[in-house]
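Geometric and topological summary
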Amino acid sequence: MSSSSKTGSRRNSGAKFQKSSNQKKTKTKKSKASAKYLNEETAEPTLQDIIEKTRVSIERLGNQTFALSPFSQYYDDWLINLRQAVSRFETSPIVKVDEIFTKERDQAFLDIQTVLAERRMQESTLSEAEKALYIINHDLGDADADYAEKNQELSSKRNSDIRRLTAQVKTLEEDMANQEKLKFSVFQFGAKKTATKKLEQTQQALTSAKNQLEMTLQNFTLEQDKLHDNYVAKKQELSTKSDALHKEIEQLEIDTSIEARKEICTHLNNTINELIKRLPTH
């Protein structure tokens, strides 16, 4: 065998030995890391771990916001999650709850249930408010149409009466002009007396027609003002109701349970903190 062959053989043997050694070291490190991870996983949580996990869970629920109305659709799930968070804390083997904690916990849940029940009832009026608003908006439209129709009828009647009375006045004025000419052209006493009397009657009829025309215009103005005032009053009443309903609906579309839920979660965390202070230190 040549010298170069022997040298290559020794190099290959050394490389294989070094590779095998490195693999063993890597496997040893991995085994130690896996054992450490397994120990961490199987290690019992400390009291501080449980407290911190519970505090974070309750605080997160206290800051939770609901996406869409009706917000009451989220209440039941939220309460379940809150109860579960507190229950996990209570059932931990290293946590010993006392009567004070139990009493305060029960009262906290009773308080938040009462608040959420009230909010649920308020939200149930949302559909009623929306229905009432729809009716009012419909009534507003009807008021506009009714006013326009009655105003048109009144204007048509006025125009018709004015045309009739104006034509009557014009005819009487023409009659008077003709009768005045006739009066001055008649010389016989009897005929002159008859013409004068007829002229007086025509004058009275003309005065009456003019008065009637003036009264018609005045009455139209009064009726139109009355119609407009009634229309404005009705519109104002309906608009006031509409504004009130809009505000009510806007309020119902805001999650008013946020503050109450946050407050009760803060109270529960404080109750847990007070319990921990009462627990024996050994």
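Above this text sits the structure in question.
Residues numbered from 1 in each chain as written. Predicted model: local features only at pLDDT ≥ 70, side-chain atom pairs only at ≥ 80, totals over all residues. Heavy atoms only, no water.

1. A closer look at the overall build of the chain
For the chain, the count of helices and strands is 7 helices and 0 strands. A total of 282 residues make up the chain; the buried ones form 26% of that total. Taken as a whole, the chain presents about 20200 Å² of accessible surface, with 54% of it coming from carbon and sulfur. (Helix = DSSP H or I, 4+ residues; strand = E, 2+ residues; numbered from the N terminus. Buried < 20%, exposed > 50% of the residue type's maximum accessible area, 1.4 Å probe, protein only. Areas by Shrake-Rupley, 256 points an atom, 1.4 Å probe, with all protein chains shown as cover.)

2. Regarding the pattern of salt bridges
Across all of its chains, the model carries 13 salt bridges by this definition. A salt bridge links Glu237 to Lys241; the shortest N-O distance between them is 3.6 Å. Of this pair, Glu237 and Lys241 both sit in helix α6 (residues 189–252), 4 residues apart, which is roughly one turn of that helix. In this structure, the salt-bridge partner of Asp255 is Arg261, at a minimum N-O distance of 3.1 Å. Of the two residues examined, Asp255 and Arg261, each falls in the buried class. (Salt bridge = Lys/Arg side-chain N within 4 Å of Asp/Glu carboxyl O.)

3. Considerations on the environment of Asp255
Its location among the elements puts Asp255 in the loop between α6 and α7 (258–278). Sequence-wise, Asp255 and Phe71 are 184 residues apart; in three dimensions their C-alpha atoms are separated by 6.2 Å. Beyond its immediate sequence surroundings of up to four residues, Asp255 is in contact with Phe66, Phe71, Tyr75 and Arg261. (Contact = heavy atoms within 4.5 Å.)

4. Section: the packing of aromatic side chains
Between two aromatic rings, the relevant description is the distance of the centres plus the angle of the planes. The tally for this structure, following the rule as stated, stands at 4 aromatic pairs. Measuring from ring centre to ring centre gives 4.9 Å for Phe66 and Tyr74, while their planes differ by 20 degrees; the resulting arrangement is stacked. The buried category is assigned to Phe66, whose relative accessible area is 8%. By relative accessible area, Tyr74 is classed as partly exposed at 26%. Centroid distance Phe89 to Phe101: 6.1 Å. Interplanar angle 55 degrees. Geometry classified as tilted. Linking Phe89 in helix α3 (residues 75–90) with Phe101 in helix α4 (residues 99–124), this pair joins segments that are 12 residues apart in sequence. (Phe/Tyr/Trp six-rings, centres within 6.5 Å; stacked < 30°, edge-to-face > 60°.)

5. Details of the nonpolar core
Counting 25 residues, the largest nonpolar core has Ile58, Trp78, Leu82, Phe89 and Ile112 as the members making the most contacts within it. Listing elements by their share of this core, those giving two or more residues are α2 (47–62), α3, α4 and α7. The biggest single contributor to this core is α3, with 7 residues. Not counting residues up to four positions away in its chain, the partners in contact with Ile112 are Trp78, Leu79, Ala260, Arg261 and Ile264. Grouped together as the second largest cluster of nonpolar side chains are 7 residues, Ala129, Leu238, Leu245 and Ile249 included. (Core = buried A, V, L, I, M, F, W, Y, C linked by side-chain atoms within 4.5 Å.)

All quantities given are derived from atomic positions and should not be read as evidence of function.
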